[in-house]
Amino acid sequence: MEKNKLNKYDRAYLRIATEWARLSYCKRKQVGAIIVRDRMIISDGYNGTPSGFENCCEDDEGLTQWFVLHAEANAILKVAGSTQSCEGATLYITLSPCKECSKLIHQSGIKRVVYHNGYRDDSGLEFLRKAGVEVEHISLLEEYENQQ
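Since this is a predicted model, take the numbers as computed values, not measurements.

(A) Structural context of the pattern of salt bridges. All told, the structure shown has six salt bridges when counted by the stated rule. With its nearest N and O atoms 2.6 Å apart, the salt bridge here joins Asp 10 to Arg 112. Of the two residues, Asp 10 sits in helix H1 (residues 3–21) while Arg 112 sits in strand E4 (residues 112–117), which places them 102 residues apart along the sequence. Take Asp 10 and Arg 112: they sit in the same class, and that class is buried. Put simply, Arg 112 and Glu 136 hold a salt bridge, and the shortest N to O gap is 2.9 Å. Residue Arg 112 is located in strand E4, and its partner Glu 136 is located in strand E5 (residues 134–137); the two are separated by 24 residues in the primary sequence. Through salt bridges with shared partners, a single ionic network connects Asp 10, Arg 112, Glu 134 and Glu 136.

Given below as structure tokens:
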């Protein structure tokens, strides 16, 4: 696919991930993820508590509870429970992956990650690049500014 058209689709999927992030009950940070393979969305996820747990992501001090699942982990786990496969897919995520999620991304077969905001620790991105996963940062800010 030509670069211009790919960038158009990248931005559209990233906007969907941004909308998906709004479904999160987390107060500190809402993160959304979309997994796309052959231009078809095969999974989605946002950060939150595991099934059956109260939708409260932060403790009394406002820190994220250790058992909160990250958006990309939720999306990958959804695929694992389906007939789909992440092999060769692209992950669109609103916040670049942490170290733990980067391992899941690589092991799941995802070959490309497109993110909007950078996480404070970029060692997850470094790991993905080292593993041969294509990583691309796309800011949607100028798009939102143009709509104002």
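Moving on from the model shown.
(B) Region of the structure containing the nonpolar core. Within the largest apolar cluster, 21 residues are counted, with the highest numbers of intra-cluster contacts made by Ile 35, Leu 91, Ile 93, Ile 105, Ile 110 and Val 113. For this core, the elements supplying multiple residues, two or more each, are strand E1 (32–37), helix H2 (71–80), strand E3 (90–95), E4 and helix H4 (123–130). If sequence neighbours within four positions are ignored, Ile 110 has contacts with Ile 35, Ile 76, Cys 86, Ala 89, Thr 90, Leu 91, Ile 105 and Val 133. Formed by nine residues, the second largest nonpolar core is a distinct cluster that contains Tyr 13, Ala 17, Ile 138 and Leu 140.

(C) Molecular detail of the side chain of Glu 72. Tracing the chain through its elements places Glu 72 in helix H2. Within the buried set, Glu 72 has no salt-bridge partner at all; the shortest N-O distance to an opposite charge, 11 Å, is to Lys 29. Contact partners of Glu 72, with chain neighbours within four places excluded, come to Ala 33, Leu 91, Ile 93, Pro 97, Cys 98, Cys 101 and Ile 105.

(D) A look at the pairing of E3. Burial analysis of E3 places six of its six residues in the buried class, the great majority of the element. Examined bridge by bridge, E1 and E3 share four bridges and lie antiparallel to one another. Paired with Val 36 across the strands is Thr 90, a residue of E3. Where E3 meets E4, five bridges bridge the pair, whose relative direction is parallel. What sits directly across from Tyr 92, in E4, is Val 114. Taken together, E3, helix H3 (residues 99–108) and E4 constitute a β-α-β crossover, and its handedness is right-handed.

So, how was this worked out
- Residues numbered from 1 in each chain as written.
- Predicted model: local features only at pLDDT ≥ 70, side-chain atom pairs only at ≥ 80, totals over all residues.
- Heavy atoms only, no water.
- Salt bridge = Lys/Arg side-chain N within 4 Å of Asp/Glu carboxyl O.
- Helix = DSSP H or I, 4+ residues; strand = E, 2+ residues; numbered from the N terminus.
- Buried < 20%, exposed > 50% of the residue type's maximum accessible area, 1.4 Å probe, protein only.
- Core = buried A, V, L, I, M, F, W, Y, C linked by side-chain atoms within 4.5 Å.
- Contact = heavy atoms within 4.5 Å.
- Lys, Arg positive; Asp, Glu negative; His and termini not counted.
- Pairing = 2+ DSSP bridges.
- Right-handed = clockwise from strand over helix to strand, strands pointing away.

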